[in-house]
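Listed below are the residues making up each chain.
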Amino acid sequence: MAIFYRTLTVLAAAASLDSAGPALAADGQPSPWQMGFQKAATPIMEQITDFHTYVTIIITVIAFFVLGLMIYVMARFNESRNPHPSRTSHNTPLEIAWTVLPILVLVAIAIPSFRLLFAQYNFPKADLTITATGSQWYWTYEYPDHGITFDSLMVQDADLKPGQPRLLSVTKEVVVPVNKNVQVQVRANDVIHDWAVPSFGVKLDAVPGRLQSTWFRAEREGLFYGQCSELCGRNHAFMPIAVRVVSEAEFNDWLAKTKQAAAPADADKVASAED
């Protein structure tokens, strides 16, 4: 009874949260009692969500059809209602149907699946290129066309500011402009990591000795979080990703300020090298 009561309590809490609507859903990060994907921020993630819904409907229809068929067979052909069963061993139309129908279902799934794969791996011309390098247990980001490099580490609990989510906030965020094609080159220094941002529909392994690429185009501004999604050692759970999507004017302003802040440090490195 205790388990039953606890289950009812959990279901009631879930129903109350669900009735609260999207107000409880945080954009770009997981939400309490969330069921389903995070809200899509890119065309690829929208296609992933639509494909997931489409396949779920097909699976549900098949599951209910099989369940109904089993219930009908158990009720119609049990021993009491059917004491003398048929000895039919072949039924050509039925055998054709149960061969052709699954093929049609697989084709109906394959066509949008191939379309989605093509969209994911057919890279458009990049407006911005970023290199993400995984190390135990932080990310190093480089903007090769702008001469910017920085490390991004998780903010410790004692240093969290109001509004910053635990285990997701970072010391330095990746900043990209909205509605621009961003190519992300992913690699690793030590072990295999994985650069993943759910709202973007991006998940790519970072493999030592190999440079891999993915892309996204964020269609709205905001702060979007991800995490390393490949078990990479003791602190695997503490390797978050944060991408801030801003307007093009704000991005250009960030570029100028970041370059200006990095200039004195570069000058110090040159002076120490000359000494």
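Residues numbered from 1 in each chain as written. Predicted model: local features only at pLDDT ≥ 70, side-chain atom pairs only at ≥ 80, totals over all residues. Heavy atoms only, no water.

Focus: the overall build of the chain
Spelled out, the test is: Only DSSP runs of H or I reaching four residues or more are called helices, and only runs of E reaching two or more are called strands; each is numbered from the N terminus. Each residue is placed in one exposure class: buried if its accessible area under a 1.4 Å probe, protein chains only, is under 20% of its type's maximum, exposed if it is over 50%, and partly exposed if it falls in between.
Within the chain, the regular secondary structure consists of 4 helices and 10 strands. Out of the 275 residues in the chain, the part that is buried amounts to 29%.

Section: the pairing of strand β2 (residues 138-143)
So the rule is basically this: DSSP calls a pair of strands paired once it identifies at least 2 bridges connecting them.
The sheet contact formed by strand β1 (residues 128-135) and β2 spans 5 bridges and is antiparallel. Counterpart to G134 in the pairing with β2 is W139. Between β1 and β2, which pair antiparallel and follow one another directly, the connecting turn spans 2 residues. Remark: 4 residues form the turn of the hairpin made by β2 and strand β3 (residues 148-152), two consecutive strands paired antiparallel; G147 in that turn has positive phi of roughly 65°.

Side note on the sheet that holds strand β7 (residues 202-206)
Heads up, the condition is: All axes are obtained by fitting lines to C-alpha atoms, using only the stretch in contact for helices, and the reported angles, taken between N-to-C directions, cover 0 to 180 degrees.
An order of β4-β10-β9-β6-β7 is seen for the 5 strands of this open sheet, with the pairing classed as mixed. In this open sheet, the two edge strands, each paired with only one partner strand, are β4 (174-177) and β7. When strand polarity is set aside, the average angle formed by the axes of neighbouring strands in this sheet is 25°. Of the strand pairs in this sheet, strand β6 (residues 193-197) and β7 are connected by 5 bridges, and their pairing is antiparallel. Considered in β7, the bridge of D194 is made with D205.

With respect to the packing of aromatic side chains
Put simply, the test is: In summary, the pairing rule links any two rings of Phe, Tyr or Trp, Trp by its six-membered ring, whose centres are within 6.5 Å, and it sorts them by plane angle into stacked for under 30 degrees, edge-to-face for over 60 and tilted for everything else.
This structure, assessed with the given rule, holds 7 aromatic pairs. For the pair F200 and F216, a centre-to-centre distance of 4.5 Å together with 20° between the ring planes defines the contact as stacked. With F200 in the loop between β6 and β7 and F216 in strand β8 (residues 212-216), the pair connects residues that are 16 residues apart, well separated along the chain. What makes F216 buried here is its relative accessible area of 3%.

A word on the pattern of salt bridges
Note the threshold: We define a salt bridge as a side-chain nitrogen of Lys or Arg found within 4 Å of a carboxyl oxygen belonging to Asp or Glu.
Evaluated as defined, the whole model comprises 7 salt bridges. Two residues, E142 and R187, come together in a salt bridge whose shortest N-O distance is 3.8 Å. You can see E142 sitting in strand β2 and its partner R187 sitting in strand β5 (residues 182-188), a full 45 residues away along the chain. Take E142: its relative accessible area is 28%, and that puts it in the partly exposed class.

Some thoughts on the confidence of the model for the chain
Our working rule: Per-residue confidence from the predictor is reported as pLDDT, which spans 0 to 100. By definition in these notes, contact holds between two residues if any of their heavy atoms fall within 4.5 Å.
Confidence in the prediction of the chain, expressed as mean pLDDT, is 87, and 86% of residues score 70 or more. Low pLDDT (under 50) marks residues 1-25, which in the prediction has 7 contacts with non-local residues, meaning those over four places away or in another chain.

Comments concerning the environment of A132
Structurally, A132 can be placed in strand β1. Its relative accessible area of 0% is what places A132 among the buried residues. Residues A132 and R187 lie 55 residues apart in sequence; the distance between their C-alpha atoms is 6.4 Å. The contacts of A132, once residues within four sequence positions are left out, are W139, T140, Y141, V184, Q185, V186, R187 and W195.

So, the sheet that holds β2
Note on sheets: strands pair through backbone hydrogen bonds, and any given pair is parallel or antiparallel. Pairing is mixed in the open sheet, where 5 strands are placed in the order β3-β2-β1-β5-β8. Every interior strand has two partners, whereas the edge strands, β3 and β8, have only one. On average, adjacent strands in this sheet sit at an angle of 25° to one another, irrespective of strand direction. Examined bridge by bridge, β5 and β8 share 5 bridges and lie antiparallel to one another. Pairing of V184 across the sheet is with T214, part of β8.

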